[in-house]
Amino acid sequence: MNKRMAAVAAVGLAGLVTGTLSVSQASADPSGPPQYRQLAGVGSDTTQDVMNGLANAITIGGQKVIGSYDATGSATITTKATGCSMARPNGSGAGRTALVNSLGAANGCLDFSRSSSLNLAATANGLTYVPFAVDAVTYAITPSSVVPRKLSKADLTAIYHCDPNYVGTGPNYDVTPLLPQAGSGTRSFWLGQVGLTEGDITSGNYPCVKDNKNGPVQEHDGRVVDDKSIVPFSIAQYNSQASQTIADLRGRAILGTIDDKAPNVLNSDFAIKRDVYNVIPTSKLTTAPWSTVFVGGNSLVCQQPAVINTYGFATSPQCGDTSKQTP
């Protein structure tokens with residue numbers, strides 16, 4: 001470990017709080033009747049599990065209406081009965097693109113997308129980002145990592161800017177900062193937090209930063225981390241995996257403390273936190289079932305705080321808000 005990292009490590013270690021909830025894991029893709037749901041959605045890895053839980057909890061007229069398809073799994077998915085087979089979108093960006101493409105084709109194959117980041121860039125068809133929960137993001141390392149368990153946000157920025165005082169010198173760096181796969185909402189959010197852009201990564205401006213390790217780095221899969229790497233990780237995802245609420249992919253990964261804020265179960269007071277969203281067509285804001293399920297503080301999603309909390313998220317005080325719209 002170089003001197004700067006050693007000095008940071010000397011600050012001390014922080015405790016990790018994990019959830020102790022025990023519930024059956026929600027299905028990866030819609031299962032049970034009806035086979036095809038009124039509201040089909042794809043996208044974010046971060047929120048796929050809580051949306052699966054909400055899909056199981058929410059009914060209209062006794063029928064499940066949300067069909068949420070995971071970011072990973074089979075190569076293709078079929079979201080509606082006719083003409084709606086497609087490559088499975090992996091991540092917030094891919095989910096948004098798939099939704100926009102479906103709206104452009106007017107094929108009715110997708111009705112919403114999941115997003116763990118906010119992107120209000122113009123689209124051919126207007127979109128509204130409807131918040132429903134609050135997540136927080138920290139970094140994951142191994143218990144025997146050369147990276148300290150307590151860092152400041154400034155430390156993290158230096159690491160992802162390949163500061164040699166933190167990561168050593170190339171080409172064989174002492175520390176490899178990892179990013180999730182392209183299109184990931186967590187990737188987009190984390191880049192913003194550490195002062196980088198997607199252009200910086202594609203241009204190789206910071207060569208110590210990698211998004212591939214024997215294949216693309218899938219977000220929230222702690223098995224990719226070794227003693228000389230660091231990767232952003234959703235606290236909600238980590239704690240849901242720790243409590244066996246969802247599949248446990250943590251491997252040896254543990255979560256770090258940022259600016260003396262330890263990872264907490266509901267993430268309401270963490271140093272780096274974010275709203276997470278369901279993205280719906282703006283044209284459908286007053287049309288059921290979109291309006292019934294997603295829109296407003298009394299929407300069916302917002303009436304499920306227990307489900308949202310079970311999957312490690314805090315409820316959003318802006319749940320159901322429709323003010324965040326693309327041009």
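Focus: the pattern of salt bridges
- Summed over the entire model, instances satisfying the criterion amount to ten salt bridges.
- Between D111 and K80 there is a salt bridge, and its shortest N-O distance comes to 2.9 Å. With a gap of 31 residues between them, D111 in the loop between α3 (92-105) and β7 (112-115) and K80 in the loop between β5 (76-78) and β6 (85-87) connect regions that are remote in the sequence.
- For the salt bridge of R223 with D221, the shortest nitrogen-to-oxygen distance reads 2.7 Å.

A few points about the packing of aromatic side chains
- If you walk through the whole model with that rule in mind, you get four aromatic pairs.
- An angle of 50° between the planes, with centres 5.2 Å apart, marks the rings of F112 and F294 as tilted. Separated by 182 residues along the polypeptide, F112 in strand β7 and F294 in helix α9 (residues 290-294) bring together distant segments of the chain.
- A relative accessible area of 0% places F112 in the buried class.
- Above the plane of the ring of Y238 lies R250, whose end atom (NZ or CZ) is 5.3 Å from the centre.
- Directly above the aromatic system of F189 lies the positively charged group of R274, at a separation of 5.2 Å from the ring centroid.

Some words on the layout of surface pockets
- Approximately 170 Å³ is the volume found for the second largest pocket.
- Every residue lining the second largest pocket is counted, 14 residues in all, and those nearest its centre are G93, S117, N119, S184 and S188.
- Taken together, the elements giving at least two residues each to the lining of the second largest pocket come down to α3 and α6 (185-193).

A word on helix α2 (residues 48-57)
- Where burial is concerned, most of α2 is hidden: eight out of the ten residues are buried.
- Among the residues making up α2, those that are buried are Q48, D49, V50, M51, N52, G53, L54 and A55.

Observations regarding the environment of G73
- When you line up the elements, G73 lands in the loop between β4 (66-68) and β5.
- Along the backbone, G73 and D29 are 44 residues apart, and their C-alpha atoms lie at a distance of 8.8 Å.

Structural notes on unusual backbone geometry
- In this structure, the amide linkage connecting P33 to the following residue, P34, adopts the cis form with an omega of -10°.
- In this chain, G170 is followed by P171 through a cis amide linkage whose omega measures 10°.
- A positive phi angle is found at H220, which is not glycine, with a value near 65°.
- In this fold, H220 is placed in the loop between α7 (198-202) and β11 (229-234).

Let's talk about the environment of I254
- Turning to its location among the elements, I254 is positioned in strand β12 (residues 254-255).
- In this structure I254 comes out as buried when scored by relative accessible area, which is 15%.
- Taking C-alpha positions, I254 is 6.6 Å from P143, a pair spaced 111 residues apart along the chain.
- Setting aside its immediate chain neighbours within four residues, I254 contacts Y139, A140, I141, T142, P143, R149 and Y238.

Parameters and conventions
- Residues numbered from 1 in each chain as written.
- Predicted model: local features only at pLDDT ≥ 70, side-chain atom pairs only at ≥ 80, totals over all residues.
- Heavy atoms only, no water.
- Salt bridge = Lys/Arg side-chain N within 4 Å of Asp/Glu carboxyl O.
- Helix = DSSP H or I, 4+ residues; strand = E, 2+ residues; numbered from the N terminus.
- Phe/Tyr/Trp six-rings, centres within 6.5 Å; stacked < 30°, edge-to-face > 60°.
- Buried < 20%, exposed > 50% of the residue type's maximum accessible area, 1.4 Å probe, protein only.
- Lys NZ or Arg CZ within 6 Å of the ring centre and 35° of its normal.
- 1 Å grid on protein atoms, 1.4 Å probe; cavity = no way out; pocket = protein on both sides within 12 Å on 5 of 7 lines; lining within 4 Å.
- Points joined across faces, edges and corners; volume = space filled by probe spheres on them.
- Contact = heavy atoms within 4.5 Å.

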